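Topology and contacts: notes
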Amino acid sequence: MAIWDRLRTSTASMQQQLNAKKNDLKSGAFRDASMAICALVAAADGTIDLEERRKVASLIASNEVLQNFPAEQLQQKFNDYCNRLQTDFDFGKVGVIQDIGKTKKKPAEARAVIQIGIVIGGADGHFDKSEQQVVRDACYAVGLDPNEFDL
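What this report covers is the structure whose coordinates are included nearby. (Residues numbered from 1 in each chain as written. Predicted model: local features only at pLDDT ≥ 70, side-chain atom pairs only at ≥ 80, totals over all residues. Heavy atoms only, no water.)

Here we look at the packing of aromatic side chains
The relation between two aromatic rings is expressed through the spacing of the ring centres and the mutual angle of the planes. For the structure on display, the rule yields 1 aromatic pair. Taken together, a centroid distance of 6.2 Å and an interplanar angle of 35 degrees make the contact between F30 and F69 tilted. Placement of the pair is F30 in helix α2 (residues 28-42) and F69 in the loop between α3 (50-62) and α4 (71-87), with a sequence separation of 39 residues. A residue is classified by how much of its surface remains accessible, and F69, at 9% relative accessible area, is buried. (Phe/Tyr/Trp six-rings, centres within 6.5 Å; stacked < 30°, edge-to-face > 60°. Helix = DSSP H or I, 4+ residues; strand = E, 2+ residues; numbered from the N terminus. Buried < 20%, exposed > 50% of the residue type's maximum accessible area, 1.4 Å probe, protein only.)

This is the structure we're talking about:
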């Protein structure tokens, strides 16, 4: 099986797992961490252009699990995280990773945040090295082994 087919299958499987847990993923910490990882994946190469923001925002809006939250809250959080990362990527990344780490005490939420990062990263059929690295960093922040997610 070609690598892009495996990626597509893997992200579809992760989305199904997320959908099955949808009713358990309603906390503010999960909402914030989800938007943080979406922004982090979008900015993984050090920049976020307008088109990339639009694409990720569209993916967020269509994600069934994230529909637990008002769209305007998600948009505001996502934009806030993107702005932090654009202002100073390295410093912004520290704060974003800290917000992701707030789900560490709830393993189901932590795992779901990582899965959302992978789904967002793989949505275009290419989960590049910089995207994988930021999701790997997020794994460490929430106390999960990146190997669990083939990272």
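Side note on unusual backbone geometry
One non-glycine residue, D150, lies in the positive phi region at around 60 degrees. Inspection of the secondary structure puts D150 in the segment after α7 (129-142).

A few points about the packing of α2 against α7
Here α2 crosses α7 at 150 degrees, and the two axes come no closer than 8 Å. Here α2 lies roughly antiparallel to α7, going by the angle between them. In this structure, α2 meets α7 at a crossing whose hand is right-handed. Touching I37, L40 and V41 of α2 are E131, V134, V135 and A138, all from α7. (Axes fitted to C-alpha atoms, helices over the stretch in contact; angles between N-to-C directions. Parallel < 35°, antiparallel > 145°, perpendicular 65-115°, else oblique. Left-handed = near helix turned anticlockwise from the far one by under 90°. Contact = heavy atoms within 4.5 Å.)

Function cannot be inferred from these measures alone, as they are strictly geometric.
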